[in-house]
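Below are the chains, spelled out letter by letter.
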Amino acid sequence: MVDIEHPKKKAAGVPAVLSSFKFGFREMGPTRTGKVFLKMNQDGGFDCPSCAWPDPDHKRKHAAEFCENGAKAVAWEATRKRVPRAFFAEHSIDQLNQISEYELGKLGRITEPMLLRAGATHYEPVGWEEAFQVVARHLKALVDPDDAVFYTSGRTSNEAAFLYQLFVRAYGTNNLPDCSNMCHESSGTALSRVIGSGKGAVTLEMLEEAELIVVVGQNPGTNAPRMLSHLEIAKKHGADIVSVNPLPEPGLMNFKNPQRPSGWVGKGTELADQHLQIRIGGDQALFLAVGHLLLQAEAAAPGTVLDKAFIDSHTSGYELYAKHNAELDWAAVELATGLRRAEIEEFTRRFIKSKATVICWAMGLTQHREAVATITEIVNVLLLQGNIGKPGAGPCPVRGHSNVQGDRSMGIWEKMPDAFLDRLDQEFAFTSPREHGVDAAATVQRLRDGAVRVFFAMGGNFAMATPDTEVVHQGLRECDLTVQVSTKLNRSHTVTGREALILPTLGRTDHDRTPNGPQSVTVEDSQGAVHLSTGNLTPPAPELKSEIGIVCGLAALVVPEVGQIPWADFADDYSLIRHRIGRVCDGYENFEERLRANEGGFLLAHAARDKREFKTSDAKAQFSANELSWLPTEPGRLLLQTMRSHDQFNTTIYGLQDRYRGVDGTRQVVFVNPDDLKALGLKDGQRVDIVSEFKGVERRAAGYRLVSFPTARGCVAAYYPETNVLMAADDVAKGSNTPVAKGLTVRLEPVS
Ligand SMILES: Nc1nc2c(c(=O)[nH]1)N[C@H]1C(S)=C(S)[C@@H](COP(=O)(O)OP(=O)(O)OC[C@H]3O[C@@H](n4cnc5c(=O)[nH]c(N)nc54)[C@H](O)[C@@H]3O)O[C@H]1N2
Ligand SMILES: Nc1nc2c(c(=O)[nH]1)N[C@H]1C(S)=C(S)[C@@H](COP(=O)(O)OP(=O)(O)OC[C@H]3O[C@@H](n4cnc5c(=O)[nH]c(N)nc54)[C@H](O)[C@@H]3O)O[C@H]1N2
Ligand SMILES: [Mo]
């Protein structure tokens with residue numbers, strides 16, 4: 001049944017806790033639920049596979065640090081349901097393609113390798129040895145290793161990621177696209193250039209000490225719920241919190257902390273002191289304006305606003321930036337942001353008052369055409385007041401997947417710097433390719449050209465997470481071989497190449513035992529803390545392999561003669577892998593020793609954060625002079641953002657309830673401002689097609705229900721991944737090549 005009601009004003013609290021346990025019991029039963037929820041994010045336990053928000057390490061032993069959505073992610077993986085052999089025998093590929101993404105995910109864990117032979121209509125069980133032989137046969141047959149692509153999602157552990165990139169480079173290509181290409185690539189690109197590290201420069205402690213925290217383009221109540229507890233602590237210490245978002249996301253407006261009994265019964269904490277309901281794509285203009293006002297305020301009262309000492313000693317480009325930003329076209333800023341000048345002035349006064357400011361952001365900023373420029377504009381504002389490398393201050397991109405940052409540290413990147421490749425080559429006595437590989441967007445374009453022969457995925461759901469869904473599906477079908485290493489089924493297992501393999505693997509919660517005994521893996525969170533993760537549940541099937549076991553098994557067949565790489569030893573003893581990681585990966589020096597010395601966790605060094613040292617081209621933090629950019633629209637056109645509901649993890653749909661936004665029973669909705677509905681002659685509840693327009697080409701998502709919603713004027717929202725059909729393969733962010741998922745130009749066509 002479809003039920004649409006008023007959006008909620010509060011997040012978390014009792015309904016969140018109930019929802020976790022309900023979902024837990026349904027999937028795992030009471031005993032497993034207890035076992036799992038008690039071990040999550042605890043010493044000696046496993047790292048939550050949901051988001052990349054850090055754990056408060058000093059409190060790890062005490063509080064059960066988990067959130068509703070983390071609990072769902074765990075229950076989804078630790079489910080007792082299995083996909084039996086018979087299921088594949090009973091369903092042809094065509095029939096599998098009729099099953100919705102939501103239903104596929106609910107089927108349960110995969111327990112044995114499955115092979116779709118060329119010309120066959122059904123997957124059939126296959127032994128591990130034969131499965132590996134199939135991959136080896138295809139890879140060895142390719143004349144050019146660049147005809148194969150090796151994707152990675154962000155749940156893969158450091159150890160597995162390190163071996164995977166080693167295998168791929170030993171094979172001879174840098175074609176290592178990852179989910180990060182579609183996620184925080186813009187943050188990495190911008191921050192590397194201007195502060196010399198692509199990683200955020202704020203720890204949990206620093207966040208709690210901030211006087212002003214600005215949360216831009218992020219919905220933490222759903223996507224990083226544990227962040228709210230830390231915002232609440234900062235708030236108790238007196239911090240101002242400002243949300244910059246076209247939507248009034250309830251987690252930020254009012255938060256009931258489920259970790260504390262008072263949050264279950266009390267009225268919750270009003271987190272945001274100001275909500276700037278920005279027009280989609282208006283953020284660069286907003287921060288340009290804030291910079292302008294800060295410069296003006298300093299001119300009016302010299303020595304009181306800017307941190308001149310910091311600017312002089314640690315930055316470059318200030319003069320140019322200040323000159324460029326002396327004049328501002330306020331009319332353009334108001335159009336671009338949809339905000340009133342007075343609101344921006346109030347926002348700026350908060351910066352002036354604050355001695356320590358953190359700016360957090362996520363997909364609402366990174367998935368725009370001008371994302372890189374926008375992020376450098378944010379850094380400009382931070383640099384003006386010396387808000388980096390001191391307590392309570394800094395840029396804080398909030399990463400998505402639980403180990404997406406660690407995977408990058410391990411070398412999962414199509415363009416790893418030569419210094420890394422040199423160390424890799426030296427360590428393993430071979431020569432890795434130097435030519436850059438393809439990223440996610442370039443992979444989509446290659447698929448479109450029918451130019452990918454083997455598509456191999458270490459987790460994830462490339463068929464659904466990428467733009468231009470039909471184009472991607474067509475390209476995958478033209479591959480000779482597609483391989484999914486995964487825990488559960490999704491569309492990427494049913495849209496296949498001529499031959500296809502499913503290689504089931506252990507998840508984060510599963511006990512991982514090799515002939516050498518029980519093994520742990522490590523992950524790196526959003527703020528650069530590394531720690532051990534040890535699964536404690538009986539795996540879904542005894543013969544299931546870990547991702548490490550799979551990579552080692554494959555590599556021993558595909559590249560046995562390349563370099564000196566002890567694949568078999570690595571498969572048995574993960575500490576040997578960590579030893580090598582320590583010799584190759586930046587920041588991981590003496591990895592295994594540090595882990596042991598620090599009870600399984602330590603913080604990676606970050607020069608800008610720790611020492612105000614900037615590893616940029618001129619060893620300074622760099623101001624950027626950007627032209628004002630925004631997204632004007634023609635009459636009758638709106639800006640669409642594709643976003644997550646409260647009941648999904650990326651392409652995995654847990655349920656059909658977007659509780660905070662008041663939608664239940666359907667995902668086929670488009671949220672529109674009531675005044676826009678009126679202006680367009682449309683009505684709440686009516687059915688429309690969403691039609692996107694990019695470079696003269698139209699794309700259509702049919703049969704969406706209009707929901708009158710307090711989003712910013714001119715801005716509409718619908719759920720990812722269903723609306724990825726509206727995205728164009730060539731529509732990417734400048735500099736980072738991230739597919740544009742926010743700020744698509746659309747019109748709404750009523751269907752009769
Ligand atoms: N439960 C759960 N947790 C998750 C995930 C999940 O799917 N489910 N996914 C994980 C992953 S991989 C990621 S990357 C993160 C994603 O976390 P988020 O970035 O929070 O995810 P989105 O749902 O894409 O939300 C984008 C937010 O940006 C706002 N926004 C959109 N356009 C603009 C704009 O132009 N300007 C501004 N200022 N705001 C804008 C939207 O209104 C929305 O609040 O979450 C991670 N955690
Ligand atoms: N329109 C639109 N598109 C987007 C986005 C958006 O906001 N809007 N967001 C983008 C972002 S931020 C991201 S990160 C990508 C996400 O893209 P992906 O990371 O490719 O997608 P997920 O849905 O997270 O992948 C889930 C699958 O991973 C597998 N899996 C789960 N756990 C494990 C494990 O431990 N090991 C292995 N091997 N497999 C496992 C399961 O089969 C599961 O179905 O999507 C991007 N696409
Ligand atoms: Mo992400």
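Residues numbered from 1 in each chain as written. Chains lettered and ligands numbered in written order. Predicted model: local features only at pLDDT ≥ 70, side-chain atom pairs only at ≥ 80, totals over all residues. Heavy atoms only, no water.

As named in an unreviewed UniProt entry, the protein chain is Molybdopterin-dependent oxidoreductase alpha subunit, taken from Kribbella voronezhensis. The UniProt entry for the protein chain carries the following text under Sequence similarities (unreviewed entry): "Belongs to the prokaryotic molybdopterin-containing oxidoreductase family." (UniProt positions renumbered as here; feature names shortened; annotations may be inferred.)

Caption draft 1: Here's a closer look at the confidence of the model for the protein chain. Residues with a pLDDT of 70 or more make up 97% of the protein chain, whose mean pLDDT is 94. Long-range and interchain partners of residues 58–63, a stretch whose pLDDT sits below 50, account for 13 contacts in this model, where long-range means more than four residues apart. (pLDDT = per-residue confidence, 0-100. Contact = heavy atoms within 4.5 Å.)

Caption draft 2: Spatial organisation of unusual backbone geometry. Each neighbour pair has its own omega, and for Tyr720 with Pro721 the value is 5°, a cis peptide bond. With respect to the element layout, Pro721 can be found in the loop between strand E32 (715–719) and strand E33 (742–750). One non-glycine residue, Arg612, adopts positive backbone phi at about 55°. If you trace the backbone, Arg612 turns up in the loop between helix H31 (607–611) and strand E23 (621–622). The backbone phi angle of Asn737 is positive, close to 60°, even though this residue is not glycine. Inspection of the secondary structure puts Asn737 in the loop between E32 and E33. According to the relative accessible area criterion, Asn737 is partly exposed, its value standing at 26%. (Helix = DSSP H or I, 4+ residues; strand = E, 2+ residues; numbered from the N terminus. Buried < 20%, exposed > 50% of the residue type's maximum accessible area, 1.4 Å probe, protein only.)

Caption draft 3: Spatial organisation of the environment of Leu306. As for its placement among the helices and strands, Leu306 is situated in the loop between helix H14 (283–300) and helix H15 (308–314). Note on Leu306: relative accessible area 8%, which makes it buried. Distance from Leu306 to Gly386, taken between C-alpha atoms, is 7.6 Å for residues 80 residues apart in sequence. Residue contacts for Leu306: discarding those within four places in its chain leaves Leu294, Leu295, Glu298, Ile311, Tyr318 and Leu384.

Caption draft 4: Geometry of the UniProt feature "domain: Molybdopterin dinucleotide-binding" (unreviewed entry) in the protein chain. UniProt records the feature "domain: Molybdopterin dinucleotide-binding" (unreviewed entry) for residues 638–742 in the present numbering. Strand forms 42% of residues 638–742 and helix 7%; the C-alpha atoms that close the span are 12 Å apart.

Caption draft 5: Spotlight on the site of ligand 2. Taken together, 32 residues sit near ligand 2, with Tyr151, Ser153, Glu547, Thr651 and Asn724 positioned nearest. Take Ser153: an N or O atom from its side chain is 2.6 Å from an oxygen atom of ligand 2. Within the side chain of Glu547, a nitrogen or oxygen atom sits 2.7 Å from a nitrogen atom of ligand 2. Contact with the protein chains hides 97% of the accessible area of ligand 2, taken as 930 Å² for the molecule alone. In the shell around ligand 2, the residues fall into 12 nonpolar, 15 polar and five charged. Viewed by domain, the shell around ligand 2 spans two of them, domain 2 (82–181 + 405–511 + 540–575) and domain 4 (638–750), each represented by three or more residues. (Near = heavy atom within 4 Å. Polar contact = N/O pair within 3.5 Å; in protein donor to acceptor, adjacent residues only side chain to side chain. Areas by Shrake-Rupley, 256 points an atom, 1.4 Å probe, with all protein chains shown as cover. Nonpolar A, V, L, I, M, F, W, Y, C, P; charged D, E, K, R; others polar. Domains from an automatic or database assignment.)

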